[in-house]
Amino acid sequence: MLYEYIKQQYKEAEPIFFSDLERQDISKSALNQQLKKLCDKGLLMKYDTGVYYLPKMTLLHSVVGPNADMVARYRFISKGDNIDGFYGGNSFANQIGITTQVPRVVEIVSNNTNSSDREVKIGNRRFYVRKPVVPITKENVYVLQMLELLKNLDAYLDYSYAEAKDKFAEYISVHGIKRSDVDCYIRNYPVATFKYYYELELDHVLA
């Protein structure tokens, strides 16, 4: 029964979290036992503590499962239609092209963590997870991601402000960020965020 449910809800090689399988009609120990039986039969595989997956067979008959980045994305950033976080720091700065630095520890801002900033090890990768200034939703994720980066811009910037402005302008255009979106949230951020926002003249970029 549990296996049928998992087969219906999850794709092969997709992370399955123990917490998502918990139900009121079954105890944690009983659920653990059922998952262990499925793993013993080879129907399910364990990736890490509390993380499982349906094995995917390659043409060469080897098993493929999720990787650490995929597990982190599902746990802290997005799963299905839900948006709970975003990449921050050097990770995001590298994505939008204002730095060439490749982060050793991937920084994530997520609703799915406690109040303390913490380092999380998944597989052989390390992630630094922080709480957002305000809760992240589908509607505000892109503007919050931009404001988070502006908060400590000089720590990540490898290029001139003029070049950074072009990168931010492109990001703003792609995600349809408006001046009213920034006005809703910028006061939740430190003064440095205002400083960089006006230094880059982003107010002139926004509609």
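What counts and what doesn't
- Residues numbered from 1 in each chain as written.
- Predicted model: local features only at pLDDT ≥ 70, side-chain atom pairs only at ≥ 80, totals over all residues.
- Heavy atoms only, no water.
- Helix = DSSP H or I, 4+ residues; strand = E, 2+ residues; numbered from the N terminus.
- Contact = heavy atoms within 4.5 Å.
- Areas by Shrake-Rupley, 256 points an atom, 1.4 Å probe, with all protein chains shown as cover.
- Lys, Arg positive; Asp, Glu negative; His and termini not counted.
- Charge placed at Lys NZ, Arg CZ, Asp CG, Glu CD.
- Axes fitted to C-alpha atoms, helices over the stretch in contact; angles between N-to-C directions.
- Parallel < 35°, antiparallel > 145°, perpendicular 65-115°, else oblique.
- Left-handed = near helix turned anticlockwise from the far one by under 90°.
- Pairing = 2+ DSSP bridges.
- Salt bridge = Lys/Arg side-chain N within 4 Å of Asp/Glu carboxyl O.
- Buried < 20%, exposed > 50% of the residue type's maximum accessible area, 1.4 Å probe, protein only.
- pLDDT = per-residue confidence, 0-100.
- Phe/Tyr/Trp six-rings, centres within 6.5 Å; stacked < 30°, edge-to-face > 60°.

### Considering the overall build of the chain
Logical step 1: The helix and strand tally for the chain stands at ten helices and eleven strands.
Logical step 2: Taking the principal axes of the C-alpha coordinates as reference, the chain spans close to 60 × 40 × 30 Å.
Logical step 3: Within the chain, contacts between residues at least 6 apart in sequence are counted, and of these 57% link residues at least 24 apart.
Logical step 4: Carbon and sulfur atoms form 48% of the exposed surface of the chain, whose accessible area is close to 11,800 Å².
Logical step 5: Side chains of the chain give 27 positive and 26 negative charges; the mean places of these two sets differ by 7 Å.

### What to know about the packing of helix 6 (residues 141-151) against helix 8 (residues 161-175)
Logical step 1: The geometry of helix 6 relative to helix 8 is characterised by a closest axis approach of 10 Å and an angle of 165° between their N-to-C directions. Here helix 6 is positioned roughly antiparallel relative to helix 8, judged by the angle of their axes. Helix 8 is crossed by helix 6, and the crossing has left-handed handedness. From helix 6, Tyr 142, Gln 145, Met 146, Leu 149 and Leu 150 reach across to helix 8, where they touch Phe 168, Tyr 171, Ile 172 and His 175.

### Digging into the sheet that holds strand 11 (residues 125-130)
Logical step 1: Strands sit in the order 8-9-11-10 across an open sheet of four strands; the sheet is mixed. Because the sheet does not close on itself, it has two edges, and the strands there are strand 8 (85-87) and strand 10 (118-122). For this sheet, the mean inter-axis angle between neighbouring strands, taken without regard to orientation, is 30°.
Logical step 2: With five bridges connecting them, strand 10 and strand 11 associate as antiparallel partners. Each residue of the ladder has a partner; that of Lys 121, found in strand 11, is Arg 126.
Logical step 3: Sitting on the sheet, helix 6 touches strand 8, strand 9 (106-110) and strand 11, and the angle it makes with strand 8 is about 45°.

### Examining the pattern of salt bridges
Logical step 1: Enumeration over the complete set of coordinates arrives at eleven salt bridges.
Logical step 2: With its nearest N and O atoms 2.4 Å apart, the salt bridge here joins Lys 79 to Asp 20. Taken together, the positions of Lys 79 in strand 6 (residues 78-79) and Asp 20 in helix 2 (residues 18-21) put the pair 59 residues apart, joining distant regions of the chain.
Logical step 3: For Lys 79, a relative accessible area of 26% gives the class partly exposed.
Logical step 4: Of the charged contacts, one joins Asp 203 and Arg 179 as a salt bridge, the two residues approaching to 2.9 Å between their closest N and O atoms. Pair noted here: Asp 203 is in the segment after helix 10 (191-199) and Arg 179 is in helix 9 (residues 179-185), with a separation of 24 residues, a long-range link.
Logical step 5: Given the relative accessible area of 29%, Arg 179 is considered partly exposed.

### Topic: the confidence of the model for the chain
Logical step 1: Across the chain, pLDDT averages 93, with 100% of residues at or above 70.
Logical step 2: Mean pLDDT values over the elements of the chain span from 86, in strand 4 (residues 56-57), up to 98, in strand 8.

### What about the sheet that holds strand 3 (residues 51-53)?
Logical step 1: Within the open sheet, the three strands sit side by side as 1-3-2. Their pairing is antiparallel. Edge strands, defined here as strands with exactly one partner in the open sheet, are strand 1 (16-17) and strand 2 (45-48).
Logical step 2: Strand direction decides the pairing type here: strand 2 and strand 3, joined by three bridges, are antiparallel. Paired with Lys 46 across the strands is Tyr 52, a residue of strand 3.

### Considering the packing of aromatic side chains
Logical step 1: All chains considered together, the criterion is met by three aromatic pairs.
Logical step 2: With a centroid separation of 5.2 Å and 70° between ring planes, the pair formed by Phe 92 and Tyr 171 is classed as edge-to-face. Taken together, the positions of Phe 92 in helix 5 (residues 89-96) and Tyr 171 in helix 8 put the pair 79 residues apart, joining distant regions of the chain. Taken individually, Phe 92 and Tyr 171 each receive the classification buried, so the pair is uniform in this respect.
Logical step 3: Their ring planes at 80° and their centres at 4.9 Å tell us that Tyr 197 and Tyr 198 sit as a pair that is edge-to-face.
Logical step 4: Using a relative accessible area of 2% as the deciding quantity, one classes Tyr 197 as buried.
Logical step 5: The rings of Phe 92, Tyr 142 and Tyr 171 are connected pair by pair, giving a single aromatic cluster.

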